[in-house]
Amino acid sequence: MDYQWYPGHMTKAKRMMEENIKLIDLVIEIVDARIPLSSRNPDIDDLAKNKARIIILNKADLADERITNHWISYFNKKEILCLKSNSRNSSDIKPVNNLIMESCSKKIERDRAKGILNRPVRAMVVGIPNVGKSTFINSFSGKASAKTGNKPGITKGKQWIKLNNSVELLDTPGILWPKFNDKETGKKLAMIGSMNDNILNVEELSLEIIKYIYNNYPDNIIERFSLNKSEVENSYDENSINPEMSIPLYIMEQAAIKRGCIKKGAQPDYEKVSNLILEDFRSGRLGRISLEDTTEL
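Below you will find a few notes about this structure. No experiment lies behind these values; they were computed from the predicted model shown. (Residues numbered from 1 in each chain as written. Predicted model: local features only at pLDDT ≥ 70, side-chain atom pairs only at ≥ 80, totals over all residues. Heavy atoms only, no water.)

1. Points about the overall build of the protein chain
Helix and strand counts for the protein chain come out as 12 helices and six strands. Its C-alpha radius of gyration of 21 Å places the protein chain within 12% of the 19 Å reference for a compact globule of 297 residues. Taking the principal axes of its C-alpha atoms as reference, the protein chain extends roughly 75 × 35 × 35 Å. For the protein chain, buried positions account for 52% of its 297 residues. Taking contacts inside the protein chain between residues at least 6 apart in sequence as the whole, the part at least 24 apart equals 70%. With an accessible surface of roughly 14,600 Å², the protein chain has 45% of that area assigned to carbon and sulfur atoms. Charge separation in the protein chain, taken as the distance between the mean sites of 45 positive and 40 negative side-chain charges, equals 9 Å. (Helix = DSSP H or I, 4+ residues; strand = E, 2+ residues; numbered from the N terminus. Rg over C-alpha atoms; globule rule 2.2 N^0.38 Å. Buried < 20%, exposed > 50% of the residue type's maximum accessible area, 1.4 Å probe, protein only. Contact = heavy atoms within 4.5 Å. Areas by Shrake-Rupley, 256 points an atom, 1.4 Å probe, with all protein chains shown as cover. Lys, Arg positive; Asp, Glu negative; His and termini not counted. Charge placed at Lys NZ, Arg CZ, Asp CG, Glu CD.)

Here you go:
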């Protein structure tokens, strides 16, 4: 499957961001901690040129903590201020204000030298769909300032949110870029829910998730669906049409049985169980899983 999604409203959203960047002191880029590189929109680098930058590794509670710490070191070595966060937990958000002040310290000093006191830092919050930008803003501001949801495309236009006398945030719609560089990037974005599921083959995507988890976090999926480890290993079929998918297919079929996703004639309901597995992964019920690590670079 070719994973691509760039609806027309994203072109409009990008244009709006380009028009407002001149008002901005700082760009806060929210990425998904499970895919810190693949969830970075390369267009943001052009947009935020010559602006102070912060990267927030959001949904860190869903990612492998050890790998997330690798990513923090990676960005810090590139002299990019970085913080991991679960934006649903307000205590994770408190350090962000200090990071904002640190990133804009030179700008604040320049203002003071000109006699400009107490001018708030104006920050644009950017990111791809469904990485939790609006949830981050709401936790940061301590109130429901921005619309939230667990599907891409909730934020449709810009929203200014005044946090305090020191910081004002501009919430922006999540945007992807017109064409992904490789299939793996698109696949990872589809896995975390940054694309519209209606355009995807959810059965194929679910099998890809099972394959990845079994290869990297096997106990997570075996325990989740109460599977027999030996039986799973023995389900490998080198004579099947696609041998590397023989184990994932077996796991999917067993998950269908365990969860009652069965059609008439005792056949697995592949669509139903695929959606269940997608939801289990995205919500963290399959454990803390990272889809990319710095060791791959």
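2. With respect to the packing of helix α8 (residues 202–216) against helix α12 (residues 270–283)
Contact geometry for α8 and α12: axes closest at 9 Å, N-to-C directions at 50 degrees. Between α8 and α12, the interaxial angle falls into the category oblique. α12 is crossed by α8, and the crossing has left-handed handedness. In contact with Val202, Glu203, Leu205, Ser206, Ile209, Ile210 and Ile213 of α8, α12 contributes Tyr270, Glu271, Ser274, Asn275, Ile277, Leu278, Phe281 and Arg282. (Axes fitted to C-alpha atoms, helices over the stretch in contact; angles between N-to-C directions. Parallel < 35°, antiparallel > 145°, perpendicular 65-115°, else oblique. Left-handed = near helix turned anticlockwise from the far one by under 90°.)

3. Regarding unusual backbone geometry
Positive phi values are uncommon outside glycine, yet glutamate 79 reaches one of about 60 degrees. Examined against the element boundaries, glutamate 79 turns out to sit in the loop between α3 (65–77) and β3 (81–84). A positive phi angle, near 70 degrees, is found at asparagine 130, a position not held by glycine. Mapped onto the elements of the fold, asparagine 130 is located in the loop between β4 (121–126) and α6 (133–141). On the basis of relative accessibility, which here comes to 13%, the residue asparagine 130 falls in the buried class.

4. Here we look at the pattern of salt bridges
For the structure shown, the criterion picks out 22 salt bridges. Arginine 112 is the partner of glutamate 109 in a salt bridge, and the nearest nitrogen-oxygen pair spans 3.2 Å. Taken together, the residues glutamate 109 and arginine 112, both in helix α5 (residues 105–113) and three residues apart, mark about one turn of the helix. A residue is classified by how much of its surface remains accessible, and glutamate 109, at 46% relative accessible area, is partly exposed. Note that glutamate 244 is salt-bridged to lysine 211, the shortest N-O span being 3.4 Å. Highlighted residues: glutamate 244 in the loop between α10 (229–234) and α11 (246–258) and lysine 211 in helix α8, separated in sequence by 33 residues. The class for lysine 211 is buried, based on a relative accessible area of 18%. In this structure, a network of salt bridges that share partners links the residues Glu184, Lys187, Glu208, Lys211 and Glu244. (Salt bridge = Lys/Arg side-chain N within 4 Å of Asp/Glu carboxyl O.)

5. Side note on the state of the cysteines
Scanning all chains against the criterion turns up zero disulfides. Take cysteine 82: it sits in no disulfide, and the sulfur closest to it among the cysteines is that of cysteine 104, at 16 Å. A relative accessible area of 9% places cysteine 82 in the buried class. (Disulfide = S-S within 2.5 Å.)

6. Observations regarding α11
Between its first and last C-alpha, α11 extends 18 Å over 13 residues, near the 18 Å set by a 1.5 Å rise per residue. Those residues of α11 that sit buried are Ser246, Ile247, Pro248, Tyr250, Ile251, Met252, Ala255 and Ala256. Where α11 is buried, its residues meet α8, α9 (218–224), α10 and α12. Residue glycine 260 follows α11 closely and has a positive phi angle near 70 degrees. (Expected span 1.5 Å × (residues − 1).)

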